[in-house]
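Reading the structure
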Amino acid sequence: MYQNLNQKQACVFYAIRDWCIQRVCGLNPDPFLFYINGGAGTGKSHLIKCIHSEASKILSRLPANAEEADISNPTVLLTSFTGTAAFSISGSTLHSLLKLPRSLKPPIQGLGNQLDEVRSELINAEIIVIDEISMVSKPLFAYVDARLKQIKGTQRPFGGMSVLAVGDFYQLPPVRQSKPLCVYDPEQIDLWQEHFQMITLTEIMRQKDDVAFAEMLNRIRVKEKTDELSQCDRDLLSQAVTAPEECPIEVLHIYATNKNVESHNTDTLKKLHSNIIIINADDFQKDKCTGRMARRDKPFTGGRNDLPDTLNVAEGARVMLTRNLDTLNGLVNGAFGILVKVVRSENDGQIIKLGLRIDNRQPMRHNRNANAASDDLVYIERAEESLKFKGAVRRQFPVKLAFACTIHKTQGLTTQTAVVSMKNIFEPGMAYVALSRVTSLSGLYLQDLDEKKIYANPEVTAALQTMRQASVEEMMPLLQVRETASRPDTFTLIHHNTEGLPSHISDIKSHHEMCLADVLCLTESHLQGSFVADSLHLDGYTMFKRNRHVSYTNFPHMASRSGGGVVVYLRNHFQVQVKQYMHNVTDLEFLVLKVQAPFPALIAVVYRPPDLHTVLQFDTIHAKPGKSFRFT
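Presented here is a report on the structure given in the accompanying data block.

What counts and what doesn't
Residues numbered from 1 in each chain as written. Predicted model: local features only at pLDDT ≥ 70, side-chain atom pairs only at ≥ 80, totals over all residues. Heavy atoms only, no water. Helix = DSSP H or I, 4+ residues; strand = E, 2+ residues; numbered from the N terminus. Buried < 20%, exposed > 50% of the residue type's maximum accessible area, 1.4 Å probe, protein only. Contact = heavy atoms within 4.5 Å. Areas by Shrake-Rupley, 256 points an atom, 1.4 Å probe, with all protein chains shown as cover. Lys, Arg positive; Asp, Glu negative; His and termini not counted. Charge placed at Lys NZ, Arg CZ, Asp CG, Glu CD. Core = buried A, V, L, I, M, F, W, Y, C linked by side-chain atoms within 4.5 Å. Domains from an automatic or database assignment. Polar contact = N/O pair within 3.5 Å; in protein donor to acceptor, adjacent residues only side chain to side chain. Arc of directions from axis to C-beta. Phe/Tyr/Trp six-rings, centres within 6.5 Å; stacked < 30°, edge-to-face > 60°. Lys NZ or Arg CZ within 6 Å of the ring centre and 35° of its normal. Pairing = 2+ DSSP bridges. Axes fitted to C-alpha atoms, helices over the stretch in contact; angles between N-to-C directions. Right-handed = clockwise from strand over helix to strand, strands pointing away. Salt bridge = Lys/Arg side-chain N within 4 Å of Asp/Glu carboxyl O.

For the rest of this paragraph, the subject is the overall build of the protein. Helix and strand counts for the protein come out as 17 helices and 29 strands. When its C-alpha atoms are laid out on the principal axes, the protein stretches across 105 × 60 × 55 Å. Across the 632 residues in the protein, those meeting the buried criterion constitute 48%. Sequence-distant contacts, at least 24 apart, represent 71% of the contacts inside the protein between residues at least 6 apart. In the structure as shown, the protein presents an accessible area of about 31,800 Å², 48% of it carried by carbon and sulfur atoms. In the protein, which carries 70 positive and 68 negative side-chain charges, the distance between the mean positions of the two groups comes to 3 Å.

What follows is the structure, given as structure tokens:
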């Protein structure tokens, strides 16, 4: 997993890894508050998964976690605002994790009787990751800060936890919120400017096979409203322009407004399906005479955010979930699928379940209820919610047609193909989000091209330009002296404990610093026998090794133990003599190379197992003057 990290991602990864190690060693480093900034496809989600895996492994060794607390409780919390984004990183929504209320209006509500329960669940937590941070409003962010302070019992920012906020503020802001989180608003609590430092990812990972398209996305991401598209970008987008009648009907259509979406869904349902099923909501209201809940003959006219008054669907139609039913298993608001089966009651013929085949569905992680079925379908029942009318309750299936959806709904989505209409785009970032949903230009069908609709939010540009930058490049010091390290008068040596060379040779080959070494000295190679697999050879290097079993004379029990061993990789242009044996040196896992050209030197790599108590003595080795040595 770590092998695919690019250079900047690796610097972030190792910076956070180093913080975790310091925390475990009792050095009490200050919490980090980082914002990972990057356009669509720069590998933000992959970086989150790598950091979560490594940080969780290291932080589980904290004394409190190892001795006092339940080690099953997480040390790194993965969260997002939406269920779709949370599922993509195997996390939870902020609301569900921190037990946040639906209304975020002040004053901030405490946890009350739930405090002890939530505190016990999050007692081990050291880091919280918030993905798709651009969708988090200022009131929600303030609630997260207050809730963590309450849970951790301290008034330090975010309860003293480290925060990794990830996302792209050039995408769409929170719905119905005036300003993005990164833009200062004197009327709102500001937790961003004072605390957070920014790290920007620039290398496109998603569209590597379509470099021109990726570069264009990066340019339109920051394009100002007064700027014109370059002729190159105009020509590129023109290649994707497609007449409506030539667009494949089965491909997801993306529009700016709900009105356009509903029109397309209705028309497509009629074109593709003749057996349309009408599902009315079951609305109940208290009877004034009996005081009991009675079903209405006709549903109320609900609001846009309510479960639908009436569903027009068909078996085989594309649909989307509109509520978070089971975030852990991907049954989340915004999940796409096909309505395969309509289940009716044997008694009265009422529709009681819908069988869906969810797109890209993974095997259920926890089969907690009857949602999972043996026929690979997910069966959902009617959800129950209160309506704005006094005492009214609605029961309806939380789905809607999804031959098309809005640009807002696609944020966080990646798809191979899509039809994108730029008609009625009404705010900055919408065009960029819509165009960047596809992985390549060949998968884009573009309608209503209007370059005036392609522009970024100038407030976001100004805010990001003034943000403090986090320096993580020092985590890979050789990259900062690349020119020096490659000079002919510089000798670069790296030592690394591999904890098993066969298991980590791919990591070494893809490491951004190790490829700069003239000499790689590796301990705990865990090799056996004389045979060396081709996969263990590095291009441009000669390999020398000494296994554990040939290293001990007076300790046969050590020679028979697995593990240990040393390996040296030396650039091919070096001429060396291997010193297999050293005078008076026995029972030691070592390898000595006498360099003869291009300059004289002696290279020794030694590994001593922690439980082998021997005293090592070496004569002082003097390097001849006139040569620069760099050791790391």
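Let us now look at the nonpolar core. Ile133, Phe141 and Trp192 are the most contacted members of the largest nonpolar core, which totals 74 residues. Looking at which element gives the most residues to this core, the answer is helix α7 (residues 138-152), with seven residues. Of the domains in this structure, domain 1 (7-206 + 460-466) and domain 2 (253-363 + 373-409) are the two that each give at least three residues to this core. Residues within four places of Trp192 in sequence aside, it is in contact with Tyr35, Ile133, Phe141, Ala165, Phe169, Leu181, Cys182 and Met467. In terms of nonpolar packing, the next biggest core, distinct from the first, is built from 32 residues, Leu5, Leu47, Ala470 and Met476 among them.

This brings us to the side chain of Asn547. Checked against the element boundaries, Asn547 lands in the loop between β24 (541-546) and α17 (556-559). Here the side chain of Asn547 touches Gly529 through a polar contact of 2.9 Å, landing on its backbone oxygen. Those residues in contact with Asn547 that sit more than four places away from it in its chain are Leu527, Gln528, Gly529 and Gly565.

This paragraph deals with helix α8 (residues 211-221). Those residues of α8 that fall on the buried side of the exposure criterion are Phe213, Ala214, Met216, Leu217, Ile220 and Arg221. For α8, the buried positions fall inside an angular range of 160 degrees around the axis, keeping them on one side. Among the structural elements, β1 (33-38), α9 (231-240), α12 (430-435) and β21 (444-447) are those in contact with the buried residues of α8.

What follows deals with the packing of aromatic side chains. With the rule as written, the count across this model stands at 15 aromatic pairs. Taking 6.0 Å as the distance between ring centres and 55 degrees as the angle between the ring planes, the aromatic pair formed by Phe141 and Trp192 counts as tilted. Taken together, the residues span a long stretch of sequence, with Phe141 in helix α7 and Trp192 in the loop between β5 (162-167) and β6 (197-201) at a distance of 51 residues. An angle of 10 degrees between the planes, with centres 4.6 Å apart, marks the rings of Trp192 and Phe196 as stacked. For the residue pair Trp192 and Phe196, the accessibility class agrees, reading buried in each case. Across from the ring centre of Phe284, 4.8 Å away, lies the NZ or CZ of Arg395, which sits over that ring. Stacked on the ring of Phe590, the Lys or Arg Arg546 has its end atom at 4.8 Å from the ring centre.

A few words now on the sheet that holds β21. One open sheet accounts for four strands, arranged β19-β7-β20-β21; its pairing is parallel. Edge positions in the sheet fall to β19 (404-406) and β21, since each of these pairs with one other strand and no more. The average undirected angle you get between the axes of adjacent strands in this sheet is 25 degrees. Examined bridge by bridge, strand β7 (residues 253-255) and strand β20 (residues 418-421) share two bridges and lie parallel to one another. Pairing of His253 across the sheet is with Val419, part of β20.

This part covers the pairing of strand β4 (residues 127-131). If a strand is regular, its side chains alternate between the two faces of the sheet. Among the five residues that make up β4, five are buried, leaving the element largely enclosed by the rest of the structure. Burial along β4 is two-sided: Ile127, Val129 and Asp131 and Ile128 and Ile130, pointing in opposite directions, are all buried. Sheet analysis places strand β2 (residues 76-80) next to β4, joined by five bridges and oriented parallel. The residue bridging Ser80 from the neighbouring strand is Asp131, located in β4. Here β4 pairs with β5 via four bridges, running parallel. Bridged to Val129 within β5 is Leu164. Chirality of the crossover, the property in question, places the unit of β4, α7 and β5 among those that are right-handed.

Another point: the sheet that holds β2. Read from one edge of the open sheet, six strands run β3-β2-β4-β5-β1-β6, paired in parallel fashion. Two strands close off the open sheet at either side, each with one partner strand: β3 (92-93) and β6. Two strands pair when backbone bridges link them, and β1 and β5 are joined in this way by five bridges, in the parallel orientation. Bridging across to β5, Asn37 finds its partner in Gly167.

On to the side chain of Ser80. Structurally, Ser80 can be placed in strand β2. A relative accessible area of 0% places Ser80 in the buried class. When neighbours within four sequence positions are excluded, Ser80 is seen to be in contact with Ala85, Ala86, Ser92, Thr93, Leu94, Asp131 and Glu132.

If you trace the backbone, Asn333 turns up in the loop between β12 (318-321) and β13 (336-344). It is 9.3 Å that separates the C-alpha atoms of Asn333 and Lys409, two residues lying 76 residues apart in sequence. With residues near it in sequence (within four places) discarded, Asn333 still touches Thr84, Leu321, Thr322, Arg323, Asn324 and Lys409. A distance of 3.5 Å separates a polar side-chain atom of Asn333 from the backbone oxygen of Thr322.

What follows concerns the pattern of salt bridges. Applying the stated criterion to the full structure yields 20 salt bridges. With a shortest N-O distance of 2.6 Å, Arg323 and Glu385 are connected by a salt bridge. Of the two residues, Arg323 is situated in the loop between β12 and β13 and Glu385 in strand β16 (residues 383-386); the sequence distance between them amounts to 62 residues. Taking the relative accessible area as the measure of exposure, Glu385 reaches 21% and is therefore partly exposed. In this structure, Asp450 and Lys453 form a salt bridge, with 3.9 Å as the shortest nitrogen-oxygen distance. Its relative accessible area of 27% is what places Asp450 among the partly exposed residues. Within this structure, Arg17, Glu54 and Lys57 form a network of salt bridges that share partners.

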